[in-house]
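Residues per chain, in single letters:
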Amino acid sequence: MKRYNLLIVLLLLIFNVTTAQKKGSPAADFSAVKEAKTKIENTVPLVIKHLQDISNKENDPNILTNGKTAVAKEYGKVELEWRLYRGNMNNCILNNSSKKAKKCMEYHNTMFRDTMINYNNYITNLTRKNGYLGVEGDTKFELNPSEVATKLSESYFNASDAAGRMKGSQKTDFLGQTMADDYKLTPFNQLAQ
């Protein structure tokens, strides 16, 4: 009888290790967070270049100055929401049962997606081809809010599964890494130089 118990324990161990590997290693779970950060930050130099082109074409430095101020305000909204989003997602995972955590994460993911959609619409409209100003072509951005939100959602759901297999401070440390400086959005003024 003891052999069967040992066999069952070994099979359960193998199953748990296999399942953990399928869901991805904890270190890989947050690659979508870094990717989203990069895509958001990469929009700023493109918008500034567009404003610079218009400013040069019209020989009016106010276009660049006023445009930078307006874009900085919109980027600031995304920057604030990005910080809140990461903190809220971590809190959803740490402070709730798995069922409540899922609803909580879905809510905050929708909020962040909506903020990104508003920002994306703003910069897309700002950089759209405008014949009167004589600037050729539309600026293309890699930022697709729905795609980014989906990847972030998957990343945090995987992180929730991984955190569920951890104990105490391991879980807090694991989730806390997304709040590190490496994951903060670079301030607008640094990106706009």
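The coordinates are above.
The notes below deal with the structure included here. Just so it is clear, the model here is predicted, and its values are computed rather than measured.

Across its full length, the protein chain holds 8 helices and 0 strands. Start at the N end of the protein chain and walk to the C end: the helices and strands fall as α-α-α-α-α-α-α-α. A buried classification covers 35% of the 193 residues belonging to the protein chain. Within the protein chain, counting contacts between residues at least 6 apart in sequence, those at least 24 apart form 79% of the total.

Now for the state of the cysteines. Each disulfide is one covalent bond, formed between the sulfur atoms of two cysteines. Here the structure, examined in full by the defined rule, presents 1 disulfide. Between Cys92 and Cys104 runs a disulfide, and the two sulfur atoms are separated by 1.8 Å. Where Cys92 bonds to Cys104 through sulfur, the torsion about that S-S bond is close to -60°, and the disulfide is left-handed. Within this pair, whereas Cys92 is found in helix α4 (residues 61–95), its partner Cys104 is found in helix α5 (residues 98–126), the two being separated by 12 residues in sequence.

The final tally for this structure, using the stated rule, is 8 aromatic pairs. Between Tyr75 and Tyr119, the aromatic rings sit 6.3 Å apart at their centres with planes inclined by 65°, giving edge-to-face as the arrangement. On the criterion of sequence distance, the pair formed by Tyr75 in helix α4 and Tyr119 in helix α5 is long-range, its members being 44 residues apart. Both residues of the pair, Tyr75 and Tyr119, belong to the buried class. For the pair Trp82 and Phe112, a centre-to-centre distance of 5.3 Å together with 45° between the ring planes defines the contact as tilted. Linking Trp82 in helix α4 with Phe112 in helix α5, this pair joins segments that are 30 residues apart in sequence. Considered together, Trp82 and Phe112 belong to a single accessibility category, that of buried residues. The structure contains a cluster of three or more aromatic residues connected by ring pairs, namely Phe30, Trp82, Tyr85, Phe112, Tyr156 and Phe174. One residue, Lys34, lies across the ring of Tyr183, its end atom 5.1 Å from the ring centre.

Rules of the game
- Residues numbered from 1 in each chain as written.
- Predicted model: local features only at pLDDT ≥ 70, side-chain atom pairs only at ≥ 80, totals over all residues.
- Heavy atoms only, no water.
- Helix = DSSP H or I, 4+ residues; strand = E, 2+ residues; numbered from the N terminus.
- Buried < 20%, exposed > 50% of the residue type's maximum accessible area, 1.4 Å probe, protein only.
- Contact = heavy atoms within 4.5 Å.
- Disulfide = S-S within 2.5 Å.
- Phe/Tyr/Trp six-rings, centres within 6.5 Å; stacked < 30°, edge-to-face > 60°.
- Lys NZ or Arg CZ within 6 Å of the ring centre and 35° of its normal.

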